[in-house]
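# Tertiary structure, described
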Amino acid sequence: MRHSAIYPGTFDPLTLGHYDLIERASGIFDRVIVAVAEHSRKKTLFTVAERVDLARRATRKLPNVVVKPFRGLLIDFARDQKIHVLVRGIRAFSDFEYEFQMALTNRKLAPGIETLFLMPKEAYSYINSSTVREIAERGGDIRGFVPAGLVGPIQRKCRGGRDR
Ligand code: COA
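This report concerns the structure included in the present document. (Residues numbered from 1 in each chain as written. Predicted model: local features only at pLDDT ≥ 70, side-chain atom pairs only at ≥ 80, totals over all residues. Heavy atoms only, no water.)

### Observations regarding the packing of aromatic side chains
What describes a pair of aromatic rings is the distance from one ring centre to the other and the angle between the planes of the rings. According to the stated counting rule, one finds 5 aromatic pairs in the structure shown. Where Phe93 meets Phe96, the ring centres are 6.2 Å apart and the plane angle is 10°; that geometry is what we call stacked. With Phe93 and Phe96 both in helix H4 (residues 93–109) and 3 residues apart, this pair spans about one turn of that helix. Following the ring pairs from residue to residue traces out a cluster consisting of Phe93, Phe96 and Phe100. (Phe/Tyr/Trp six-rings, centres within 6.5 Å; stacked < 30°, edge-to-face > 60°. Helix = DSSP H or I, 4+ residues; strand = E, 2+ residues; numbered from the N terminus.)

As structure tokens, then:
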């Protein structure tokens, strides 16, 4: 599909920074697939079903965004979906090396697939998923870090089912 893009990630869990990126991409492309990696290099806290569910809850109001899990190589998923644009976020200079390596590897594997980089709002540039997990696990307030509808489910998971 010509005007579609894939925004891939682990989303363990999705944060306001990820959401900001999705919103920006949904304003540029006709359709955005948020692709949740079933297995990533990281050991995840949330199962893939939970990460997909959180991403769906967060993006419910964005009509041109769909959330799908994927396994295997990202480029194979992109080919399968007939999409040749990948969107990734660069929050700070420190993201660059990792993203550069990933984009060039994907390009080597699949020359027809391009990676586009967007910058999330600067207010979210320091947020990451592991910090959110750590705060929630210790009973801290995550409202400033994740979309409003995800606060309860993330807290319940991180605190072993206990509500505050
Ligand atoms: N806002 C907030 N946080 C962000 C962010 C943003 N806009 N962009 C990245 N992050 C953070 C995440 O919270 C996460 O933090 P954490 O390390 O504390 O958990 C980290 O940056 C990166 O996470 P994410 O954006 O979810 O991406 P990822 O690097 O986990 O995703 C895949 C990597 C899944 C896209 C990649 O491993 C992949 O494609 N895997 C499939 C296998 C494959 O094809 N491999 C070859 C690829 S070269």
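From this point, things continue past the structure.
### What to know about the site of the ligand
Residues in contact with the ligand amount to 26 residues; listed here are only the nearest, Thr10, Leu74, Tyr98, Ser129 and Ser130. Within the backbone of Phe11, a nitrogen or oxygen atom sits 3.2 Å from an oxygen atom of the ligand. One nitrogen or oxygen atom from the side chain of Ser129 is found 2.7 Å from an oxygen atom belonging to the ligand. Relative to its unbound accessible surface of 940 Å², the ligand loses 89% to contact with the protein. For the shell around the ligand, the elements supplying multiple residues, two or more each, are strand S1 (4–9), helix H1 (16–28), H4 and helix H5 (129–137). Take the shell around the ligand: its biggest share by element is 4 residues, from H4. Class assignment for the residues of the shell around the ligand results in 11 nonpolar, 11 polar and 4 charged. (Near = heavy atom within 4 Å. Polar contact = N/O pair within 3.5 Å; in protein donor to acceptor, adjacent residues only side chain to side chain. Areas by Shrake-Rupley, 256 points an atom, 1.4 Å probe, with all protein chains shown as cover. Nonpolar A, V, L, I, M, F, W, Y, C, P; charged D, E, K, R; others polar.)

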